[in-house]
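Descriptive structure summary
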Amino acid sequence: MMDGVSLNTDPVVDDDADADEFEIEGDCGMAECISQSGVIQGENPLPPVVGMEFDSYENVYYFYNCYAKEQGFGVRVSNTWYRKTKERYRGKLSCSSAGFKKKSEANRPRPETRTGCPAMIKFRLMENKRWRIIEVELDHNHLISPVSGKIYKSHKQLGIGTKRALQLDSAEEVQKVRLFRTMVIDVEGNGSVEVSSGEFRSSHNQTSQLRLKDGDAQAIHNYFSHLQLIDPNFFYVVDLNEKGCLRNLFWSNTRSRVAYGYFGDVVAVDTTCLTDKYQVPLVSFIGVNHHGQSVLLGCGLLAGDTIEACTWLFRAWLTCMLGRPPQVIITDQCRTLQAAVTDVFPRAFHCLCLPRIMQKVPEKLGGLYEYESIRMALNNAVYYSLRPEEFEATWEDMIHHYGLRNHVWLQMLYEDRRQWVPVFLKEIFLAGMLPTRPNEVVESFFDGYLNKHTSLKEFLDKYDQALQANHQVEVLADMESRNSGFMLQSRCYFELQLAKLYTNNILRKFEREVEGMYSCFCTRKINGEGEVITYMVREQIEVDGNRRESRDFEVLYNATEMEVLCVCGLFNFKGYLCRHALRVLHQNGIEEIPHQYVVSRWRKDIKRSYVLNHSNGGIDINNPVHRYDHLYKCIMQVVEEARKSEVRYKDTVQALDQILRKLNLVEGRL
């Protein structure tokens, strides 16, 4: 769709100290980007991000000025760096309130209007002759308002630099305006990364375009055209290489975009098709719904399994989801994915998929002497350690006893232990998306619809079937939870309480904890001083599938705050209290689970709508995603009609002004 802006992850080298370069404050040669009416017309709901690339210095200014106009502040050029050849190579754009004016000696100096605002972007010329944003500060130290009505100098025609007005009726400039509305990420794929065998390959081994068979491109075009007709909010982004060939692709339908608003706290990225060399190089974004069922949150096809390709895909997905990152993101253990996640989701907690790691054990360790004993020792360290120090000791014993000190794969696992070993993840809410028990597997969303030999055309033919089947399973589960009572196995008040609130699938899982509560045969208080009381709950657990042993689980209980915390960490892993915590609550005469342990994402009484029906009353006005998408669709219809003639344009502007004034009046009365 758009190819003027890109997000890249190549390292930025700061060479300000070069003797052949110099800096000036401001830039009188900056081209003003304006419309025929003299006011900038671009639209950019997304903020600037480190890594964005542009074709020219002027386009960076245009982009930031569009963003500033929408946010309600002005822009000025703070600094521009030049080489001795008079070639610009670096710049800084700031809020018009940046810095402070020099003190005037006039009798009646003008009052200070600047605030020393820190908001700015820095950008520089890269080796590929594109300008990349290298530093961003979005926060202002003063109030800004897009509806204030104030027009800043940067938004007006100043008549300096390039005199060309922005002809919005031209195809080129309409493309540029749309470029800022929906970001296209265009990376060159020229970096490399050292990875171990079995992980993503380096960029040097990659082609620069999707390996398509005859008819695949037409199948993609036909399918996407069909989806756009039936789903006005269908979102897709294409990445073309320098020859105009398809390199990477991302898409997401309305249901996936709205589902992310409900279930976007924990997201798994399924790259099985890439690592296992499927014909379809598919990457899927997966969440889990209120029944604990998988829900699709977007798909992509990648030409190469490189850092650049993964970063492109993650940024495309994040753009589709209106820039709202998940709290937790789960991927395979892979340096490529780890680098891309760190770059695109710096604030999200990055987990590595435990079942996928343990599936590799026979391949990585199967040839070792005493393999079976090593496997059992590894399982014991990973699955049955209750505290970090216990894991460390068990792991060290295994490494020392079997002489595995120099085993590269085990070394790498140990380095990443805080991202995949359950004992280190107890403070992270995972909503049941990361299995933490032996023999638990992670199934692909497209199991039964996609295998190594499925062609792209076949996959697109089956894609709707997979989505419809998933949708039907959720609808049936909704009906079962709302219309048929859950058959309780006990009369426990905890179970009775949640039976009124939770979906049946989650209740079945919670029921196992209620049953297990009665198998905890010894609960003793070991510390009764202060507000927090410590209990030790003993239970017989199954170890390695064929034997049972007694284990003690420490549970902390605060009666004042009604807080209970078990060392097993099940609540954060699964989203409901464990049998040990329930046992302590029961022993203290508590008849209801405290409200903070009743998770809204499992509730059956919350109305969740996934289809945006734009007829009267067809959207959920309480949902900001629905409101945004509905308004955007309506406004774009107005824009397309208004641009057809001067009369329509003037009438539309007048009508929009009236709407804006009315909204301002309503806001003033609130």
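Residues numbered from 1 in each chain as written. Predicted model: local features only at pLDDT ≥ 70, side-chain atom pairs only at ≥ 80, totals over all residues. Heavy atoms only, no water.

Moving on, we come to unusual backbone geometry. Positive phi is not limited to glycine here, since Lys-86 has a value of about 70 degrees. Assignment of secondary structure puts Lys-86 in the loop between β4 (75-83) and β5 (88-95). Assessed through its relative accessible area of 69%, Lys-86 is described here as exposed. Despite not being glycine, Leu-322 has its phi angle at roughly 60 degrees, a positive value. Along the chain, Leu-322 turns up in the loop between α6 (307-320) and β13 (328-331). Its relative accessible area of 29% is what places Leu-322 among the partly exposed residues. (Helix = DSSP H or I, 4+ residues; strand = E, 2+ residues; numbered from the N terminus. Buried < 20%, exposed > 50% of the residue type's maximum accessible area, 1.4 Å probe, protein only.)

Looking now at the sheet that holds strand β17 (residues 547-558). Each strand in a sheet pairs with another by means of backbone hydrogen bonds, the pair being arranged parallel or else antiparallel. Across the sheet, which stays open at both edges, the 4 strands sit in the order β15-β16-β17-β18 with antiparallel pairing between neighbours. Of all the strands in the sheet, just β15 (522-527) and β18 (563-566) have a single pairing partner and so form its edges. Here the strands of the sheet are splayed against their neighbours by 30 degrees on average, with no regard to which way each runs. Strand contacts of helix α17 (residues 579-587): β15, β16 (532-543), β17 and β18, with the helix running at about 135 degrees to β16, the strand carrying the most contacts. (Pairing = 2+ DSSP bridges. Axes fitted to C-alpha atoms, helices over the stretch in contact; angles between N-to-C directions. Contact = heavy atoms within 4.5 Å.)

One can find Val-441 in the loop between α12 (408-415) and α13 (456-483). Sequence separation between Val-441 and Met-358 is 83 residues, and the spatial gap between their C-alpha atoms is 9.6 Å. Residue contacts for Val-441: discarding those within four places in its chain leaves Pro-355, Gln-359 and Pro-435.

The full count for this structure, using the stated rule, is 33 aromatic pairs. Ring centres 6.5 Å apart and planes at 55 degrees place the aromatic pair Phe-429 and Phe-571 in the tilted group. In this pair, Phe-429 sits in the loop between α12 and α13 while Phe-571 sits in helix α16 (residues 570-574), placing the two residues 142 residues apart along the sequence. Chaining the aromatic ring pairs together yields one cluster made of Tyr-223, Phe-224, Phe-234, Tyr-236, Trp-251, Phe-445, Phe-446, Phe-459 and Tyr-463. (Phe/Tyr/Trp six-rings, centres within 6.5 Å; stacked < 30°, edge-to-face > 60°.)

Let's shift gears to α17. Buried within α17 we find Arg-579, His-580, Ala-581, Leu-582, Val-584 and Leu-585. In this structure, the buried side of α17 is in contact with α14 (493-499), α15 (504-517), β16, β17 and β18. Looking one or two residues beyond α17, the residue adopting positive phi is Gly-589, at roughly 75 degrees.

A cluster of nonpolar residues, Ile-635, Val-639, Leu-656, Ile-659, Leu-660 and Leu-663, forms a patch on the protein surface that exposes about 500 Å² of accessible area. Broken down by secondary-structure element, the contributors of at least two residues to the nonpolar patch are α18 (624-642) and α19 (646-669). For the nonpolar patch, the element with the most residues is α19, which contributes 4 residues. On the basis of relative accessibility, which here comes to 47%, the residue Ile-659 falls in the partly exposed class. (Patch = residues over 30% accessible without salt bridge, like charges linked within 9 Å, V, L, I, M, F, W, Y side chains within 5 Å. Areas by Shrake-Rupley, 256 points an atom, 1.4 Å probe, with all protein chains shown as cover. Salt bridge = Lys/Arg side-chain N within 4 Å of Asp/Glu carboxyl O.)

Once that is clear, we can look at the pattern of salt bridges. Applying the stated criterion across every chain yields a total of 26 salt bridges. In this structure, Arg-130 and Asp-55 form a salt bridge, with 2.8 Å as the shortest nitrogen-oxygen distance. One end of the pair, Arg-130, is in the loop between β6 (120-125) and β7 (131-137); the other, Asp-55, is in the loop between β3 (52-54) and α1 (57-71), and 75 residues separate them in sequence. Where Arg-335 meets Glu-415, a salt bridge forms, and the shortest distance between an N and an O atom there is 3.6 Å.

Moving on, we get to the packing of helix α10 (residues 371-384) against helix α11 (residues 388-401). As a packed pair, α10 and α11 sit with axes 9 Å apart at the nearest point and diverge in direction by 170 degrees. As far as their axial angle goes, α11 and α10 are roughly antiparallel. Counted together, Ile-374, Ala-377, Leu-378, Asn-380, Ala-381, Val-382 and Tyr-384 of α10 and Glu-390, Phe-391, Thr-394, Trp-395 and Met-398 of α11 form the full contact between these two elements. Classifying every residue of the contact of α10 with α11 gives 9 nonpolar, 2 polar and 1 charged. (Parallel < 35°, antiparallel > 145°, perpendicular 65-115°, else oblique. Nonpolar A, V, L, I, M, F, W, Y, C, P; charged D, E, K, R; others polar.)

Another point: the UniProt feature "domain: SWIM-type" (unreviewed entry) in the protein chain. Here, the residues flagged by UniProt with the feature "domain: SWIM-type" (unreviewed entry) are residues 553-589. Note that residues 553-589 is 38% helix and 27% strand, and that its end C-alpha atoms are spaced 20 Å apart. (UniProt positions renumbered as here; feature names shortened; annotations may be inferred.)

Let's shift gears to the nonpolar core. Inside soluble globular proteins, nonpolar side chains tend to come together where they are buried. Membership of the largest hydrophobic core comes to 81 residues, with the highest contact counts inside it found for Ile-330, Trp-420, Tyr-502, Leu-577 and Ile-593. When residues of this core are assigned to their parent elements, the largest contribution, 8 residues, is made by α10. Of all hydrophobic cores here, the second largest spans 31 residues; its members include Ala-259, Val-267, Trp-312 and Val-341. (Core = buried A, V, L, I, M, F, W, Y, C linked by side-chain atoms within 4.5 Å.)

Confidence in the prediction of the protein chain, expressed as mean pLDDT, is 80, and 78% of residues score 70 or more. The model gives residues 27-45 a pLDDT under 50, and that stretch makes 69 contacts with residues more than four places away or in other chains. (pLDDT = per-residue confidence, 0-100.)

We now examine the side chain of Glu-539. Tracing the chain through its elements places Glu-539 in strand β16. Since its relative accessible area comes to 5%, Glu-539 is described here as buried. Side chain to side chain, Glu-539 and His-580 meet in a polar contact 2.8 Å long. Excluding residues within four positions of it along the chain, Glu-539 makes contact with Ser-519, Cys-520, Phe-521, Glu-549, Ser-550, Arg-551, Phe-553, Arg-579 and His-580. (Polar contact = N/O pair within 3.5 Å; in protein donor to acceptor, adjacent residues only side chain to side chain.)

Going residue by residue along β13, you find Val-328 and Ile-330 tucked away on one face and Ile-329 and Thr-331 tucked away on the opposite face as well. The pairing of strand β10 (residues 266-270) with β13 spans 3 bridges and is parallel. Its bridge partner being in β13, Val-266 is matched across the sheet by Val-328. In terms of strand pairing, β13 meets strand β14 (residues 349-352) through 4 bridges, oriented parallel. Counted as the bridge partner of Thr-331 is Leu-352 from β14. Since β13 and β14 lie parallel, the crossover through helix α7 (residues 335-344) that links them has a hand, and here it is right-handed. (Right-handed = clockwise from strand over helix to strand, strands pointing away.)

With that out of the way, let us pick up the sheet that holds strand β12 (residues 294-302). Taken together, the 7 strands give an open sheet; going across it, the order is β8-β9-β12-β11-β10-β13-β14, and neighbouring strands pair in mixed fashion. Two strands bound the open sheet, and with one partner strand each, they are β8 (235-240) and β14. Sheet twist, expressed as the average angle between the axes of neighbouring strands with direction ignored, equals 20 degrees. Sheet topology note: the β10/strand β11 (residues 282-288) ladder contains 3 bridges and is antiparallel. Bridged to Asp-270 within β11 is Ser-284. Packing against the sheet, helix α4 (residues 254-263) makes contact with β8, β9 (246-252), β10, β11 and β12, and its axis sits at approximately 125 degrees to β12.

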